[in-house]
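What follows is each chain in one-letter form.
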Amino acid sequence: MANWKNNLSYGYTWLTLLRLKQIDVVFNDSKDIKMSELSFYNPTISKESLQAEAINLANTIDSAFIVGMGAKLENNITQEKAINSMVEILIDETKTIEDLANKNDENYLFLNEQG
Amino acid sequence: MKYLIIAFSLLLSISVFSQTNNLKTDIDSAIFNSGLDSTLVNELLTKNTQLFERIDSLKDDPDFYDKTWNKLVKEISDSDSTIGYWLNSLNIDFKTFQSEDSTSASLGLSYNFSIERGKLYPKEFGKNGISCAFSSVGNIAFDKKVNPTDFIDTKLSFKLYQARGGVQLSLKPDTVHQRTLKLLPVLMSHSDIIELKESKEWKEFTNIFKLDNSFLYSLSLNGGFESNQDFSKYQYAFGSTFSFSVKSWEKGTWLSRLNILDYPFALTRRLTKTDDELSSTGISLPIISTGIDYVIPENDTLREEFDNNLNPYFRYRLEIGFRTLVAKAVKQIIYFNAAFKYYNEIGASSTIKEASLSNYSYFTSSLTSDKGFFISYSYGRLPFDKQDNAVYQIGFNYKFK
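Sequence order as written defines the numbering, with residues in each chain counted from 1. Key to labels: chains lettered from A, ligands numbered from 1, both in the order written. In view of the model being predicted, local features appear only for residues whose pLDDT reaches at least 70, and side-chain atom pairs are presented and counted only at 80 or more, with totals across whole chains, interfaces and linings using the full set of residues. Heavy atoms from the whole structure form the basis of all side-chain values; hydrogens and water molecules are not counted.

- Under an unreviewed UniProt entry, the name given to chain B is DUF3078 domain-containing protein, and the source organism is Carboxylicivirga sediminis.

**Re the overall build of chain A**
- Strands here mean DSSP runs of E at least two residues long; helices mean DSSP runs of H or I at least four residues long; both are numbered from the N terminus. When you go through chain A residue by residue, the secondary structure sums to four helices and two strands.
- Taken across its 115 residues, chain A has 69% of its residues classed as buried.
- Residue contacts follow a heavy-atom distance rule, with two residues in contact if any of their heavy atoms lie within 4.5 Å. A separation threshold of at least 6 residues defines the contact pool for chain A, and within that pool the share at least 24 residues apart is 67%.
- Surface exposure here means Shrake-Rupley accessible area, sampled with a 1.4 Å probe, where a residue is shielded only by the protein chains that are shown. Summed over its atoms, the accessible surface of chain A is roughly 3,800 Å², and 45% of this surface lies on carbon and sulfur atoms. Accessible area is worked out with a 1.4 Å probe on protein chains only. A residue is then buried under 20% of its type maximum, exposed over 50%, and partly exposed in between.

**Overview of empty space enclosed by the protein**
- Site definitions follow a grid-based scheme: protein atoms alone, a 1 Å grid, a 1.4 Å probe that fits but cannot get out for cavities, and for pockets an open set with protein on both sides within 12 Å along at least five of seven lines, plus lining residues having an atom within 4 Å of a point. Grid points are joined across faces, edges and corners, and a volume is the space filled by probe spheres set on the points. By the definition in use, this model includes four cavities of 30 Å³ or more.
- If you list the elements that add at least two residues to the lining of the largest cavity, you get β10 (313–329) and β11 (332–346) of chain B.
- The dominant element in the lining of the largest cavity, judged by the number of residues it contributes, is β11 of chain B, at three residues.
- Size it by volume and the second largest cavity reaches roughly 60 Å³.
- Taken together, S39, F40, N42 and E53 of chain A together with K247, I283, S284, L285, G321, F322 and R323 of chain B make up the lining of the second largest cavity.

**A word on the environment of V137 of chain B**
All names here are of chain B.
- The residue V137 is located in strand β3 (residues 126–141) in this model.
- On the basis of relative accessibility, which here comes to 34%, the residue V137 falls in the partly exposed class.
- Setting aside its immediate chain neighbours within four residues, V137 contacts Y111, N112, F151, I152 and D153.

**Quick notes on the environment of G108 of chain B**
All names here are of chain B.
- With respect to the helices and strands, G108 occurs in strand β2 (residues 105–123).
- By relative accessible area, which is 0% here, G108 ends up buried.
- Separated by 14 residues in the primary sequence, G108 and F94 place their C-alpha atoms 5.8 Å from one another.

**Here's the deal with helix α4 (residues 97–107) of chain A**
- Regarding α4 of chain A, the residues found buried are I97, E98, L100, A101, N102, N104 and N107 of chain A.
- Its buried side turned inward, α4 of chain A meets α1 (8–19), α2 (47–69), β1 (72–73), α3 (79–90) and β2 (108–109) of chain A.

**Regarding the packing of aromatic side chains**
- Only Phe, Tyr and Trp rings are paired, with Trp represented by its six-membered ring, and only when their centres lie within 6.5 Å; those with planes under 30 degrees apart are stacked, over 60 edge-to-face, the remainder tilted. Evaluated as defined, the whole model comprises 20 aromatic pairs over all chains.
- Both rings, one in F65 of chain A and one in F110 of chain A, keep their centres 5.0 Å apart while their planes meet at 85°; by these two values the pair is edge-to-face. Residue F65 of chain A is found in helix α2, and its partner F110 of chain A is found in the segment after β2; the two are separated by 45 residues along the sequence.
- Overall, the relative accessible area of 0% leaves F65 of chain A in the buried class.
- Considering the side-chain rings of F225 of chain B and Y234 of chain B, the 5.4 Å spacing of their centres and the 35° angle between planes classify their relative orientation as tilted.
- The exposure class of Y234 of chain B is partly exposed, given its relative accessible area of 24%.

**What to know about a nonpolar patch on the surface**
Residue and element names in this part refer to chain B.
- Candidate patch residues must exceed 30% relative accessible area and have no salt bridge, after which like charges are joined if within 9 Å and Val, Leu, Ile, Met, Phe, Trp or Tyr side chains if within 5 Å. Each salt bridge in this description consists of a side-chain nitrogen of Lys or Arg and a carboxyl oxygen of Asp or Glu lying within 4 Å of one another. Among the surface-exposed residues, Y236, F238, I292, Y294, F314, Y316 and I346 lie close enough to one another that they form a single nonpolar patch of about 630 Å² accessible area.
- Of all the secondary structure elements, the ones that give two or more residues to the nonpolar patch are β8 (234–247), β9 (287–299) and β10.
- With respect to the helices, strands and loops of the structure, F314 is situated in strand β10.
- Taking the relative accessible area as the measure of exposure, F314 reaches 46% and is therefore partly exposed.

**With respect to the interface of chain A and chain B**
- Counting residues at the interface gives 57 residues for chain A and 67 residues for chain B.
- By buried area we mean how much accessible surface two parts lose on assembly, using a 1.4 Å probe and totalling the loss over both. When chain A packs against chain B, close to 5,400 Å² is buried across both sides, 56% of that on carbon and sulfur atoms.
- Where chain A touches chain B, the interface holds seven salt bridges.
- We note a salt bridge from K155 of chain B to E48 of chain A, for which the minimum N-O separation is 2.6 Å.
- Throughout this description, a polar contact denotes any pair of N or O atoms lying within 3.5 Å of each other; where both atoms belong to protein, one of them has to be capable of donating a hydrogen while the other can accept it, and for residues adjacent in sequence the pair is counted only when both atoms sit in side chains. Our count for the contact surface shared by chain A and chain B stands at 27 residue pairs in polar contact (both at pLDDT 80 or more).
- A total of 18 residues in the side of chain A that touches chain B trace back to one element, the largest contributor, which is α2 of chain A.

**Things to note about the pairing of β9 of chain B**
All names here are of chain B.
- The criterion for strand pairing is that DSSP finds at least two bridges linking the strands in question. As judged from the 11 bridges shared by β8 and β9, these two strands associate in the antiparallel manner. For T241, the partnering residue across the bridge sits in β9 and is G291.
- In this sheet, β10 lies alongside β9 in antiparallel orientation, the contact comprising nine bridges. When the sheet's bridge partners are listed, G291 is paired in β10 with R317.

**Focus: the pattern of salt bridges**
Residue and element names in this part refer to chain B.
- In total, this model carries 20 salt bridges over all chains according to the counting rule given.
- Across the pair R269 and D262 runs a salt bridge, and its minimum N-O distance is 2.7 Å. Each of the two residues, R269 as well as D262, counts as buried.
- Residues joined in a network through salt bridges with shared partners are E226, D293, R315 and R317.

**So, the packing of α3 of chain A against α4 of chain A**
All names here are of chain A.
- The axes used here are C-alpha line fits, helices contributing only the stretch in contact, and every angle between their N-to-C directions lies in the interval 0 to 180 degrees. Put simply, α3 and α4 touch, their axes get as near as 10 Å, and they point 170° apart. Relative to α4, α3 is oriented roughly antiparallel. Between α3 and α4, the residues in contact are K81, A82, S85, M86, I89 and L90 and D99, L100, K103, N104 and N107, respectively. For classification purposes, an angle smaller than 35 degrees is called roughly parallel, one larger than 145 roughly antiparallel, one from 65 to 115 roughly perpendicular, and anything else oblique.

**A few points about the packing of α1 of chain A against helix α6 (residues 173–188) of chain B**
- One can describe the packing of α1 of chain A onto α6 of chain B by two numbers: an axis separation of 10 Å at closest approach and a directional angle of 85°. By the angle between their axes, α1 of chain A is roughly perpendicular relative to α6 of chain B. Counting all contacts with α1 of chain A, which are made through L8, G11, Y12, W14 and L15 of chain A, the residues of α6 of chain B involved are T180, L181, L184, L187 and M188 of chain B.

**Brief notes about the side chain of N7 of chain A**
Residues and elements named next belong to chain A.
- By secondary structure assignment, the location of N7 is in the segment before α1.
- Residue classification places N7 among the buried positions, given a relative accessible area of 9%.
- Reaching out from N7, the side chain makes a polar contact with the side chain of D105 at a distance of 3.2 Å.

Quick look at the structure:
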């Protein structure tokens with residue numbers, strides 16, 4: 001597992017969630033925040049509705065990474081896989097921002113990682 | 001095999017705990033008739049009572065079962081990722097159900113199982129997707145008389161969706177990418193969120209990195225099975241659902257001003273100085289799902305009293321969900337969560353209407369804190385419920401990893 005402070009995916013994932021007002025904490029306090037604490041995660045709605053909210057958020061994060069931050073998809077990773085992986089984590093209340101960032105690290109190649 | 005061990009170990013513990021009264025009496029008798037010295041007998045009886053008092057305190061504690069379940073799932077997921085995938089698709093949350101008059105309570109659980117497979121097609125301004133899913137969701141109280149939401153919904157669905165929106169850059173993409181890369185370490189180094197939001201780097205980032213409103217439309221066809229927890233009542237339902245979710249990320253947009261549900265909370269945020277101005281937010285715009293089902297009642301004794309033939313009927317369905325920030329106060333972030341569900345039989349006969357079997361509504365809301373404290377209130381009834389129920393819950397969710 002990468003060092004939380006020295007991994008671009010962690011930084012970009014935190015920055016995007018902060019920009020999308022899903023969290024309101026500094027980077028060093030963000031690692032263990034659970035998905036159930038993000039602004040979108042309404043525990044009272046049906047699973048289908050929660051999933052629709054998660055797809056909407058994952059689509060925006062994907063656009064932020066690719067269009068706004070210049071990230072590319074890793075080899076053999078499709079946009080569908082990258083977004084679905086995010087959705088799976090977003091709807092799991094026990095997963096943390098670190099889990100989301102690790103998954104994004106597997107699927108996206110951020111600017112300084114592109115060689 | 002391990003999967004079976006998990007399920008059975010938990011059910012066994014519940015079963016054993018429910019038998020503790022008889023077990024305590026048996027052990028007391030054995031000690032009493034053991035022929036040991038009376039001082040030793042009294043000491044053993046005291047120890048036995050203390051032991052069973054400890055067991056009694058655990059047997060109605062949902063948190064105990066939650067911790068046990070999550071620990072078992074984590075250990076098995078760590079050792080076998082395939083079984084872990086299936087187990088992680090199943091969310092179980094143990095809880096205490098309480099009746100409206102607070103005279104009875106029962107341990108129970110909410111479960112949610114969902115498997116979905118799909119394809120995504122990126123387009124110029126968003127993505128289109130298709131997916132197929134199997135899901136089952138419900139509440140099970142170990143004493144079914146105390147289950148206020150005795151409704152289990154199991155279905156297969158096929159979904160089409162479109163997601164629109166994203167990022168709007170105020171400079172050339174390459175310039176924004178390089179500037180963001182330069183700003184990132186500076187923003188990451190802040191130790192105070194207020195200082196970060198007031199820094200020139202944050203202002204520059206939010207200025208060059210604007211966000212469009214995001215929309216998601218989805219249309220699904222679904223067929224499924226609805227029942228109460230012991231399957232004494234069940235019906236089939238086939239229909240379609242349209243869901244709409246929109247988020248407006250930037251401040252002061254026309255969509256955020258339209259979010260009238262957020263107005264009271266804009267006030268609480270301003271009064272607690274969480275926000276520096278009185279404004280509603282577009283990130284908490286409600287999600288709306290609506291649909292029509294063709295319902296085939298199969299086994300429903302209550303309905304059968306008023307409709308001997310259990311005739312099929314059409315049903316309208318609506319769900320609205322809303323979550324917003326209430327305040328950041330006393331080092332806690334507090335959210336308000338709510339959902340309203342409504343079912344209405346289209347063209348119901350006067351007999352069915354008079355028997356109050358033509359429409360059902362259910363409202364649930366909660367205040368949750370990031371530190372784990374929560375208060376919730378639910379009112380209404382879902383299909384198969386005879387009467388409206390009000391349920392209050394107050395509690396604390398522990399964070400453990």
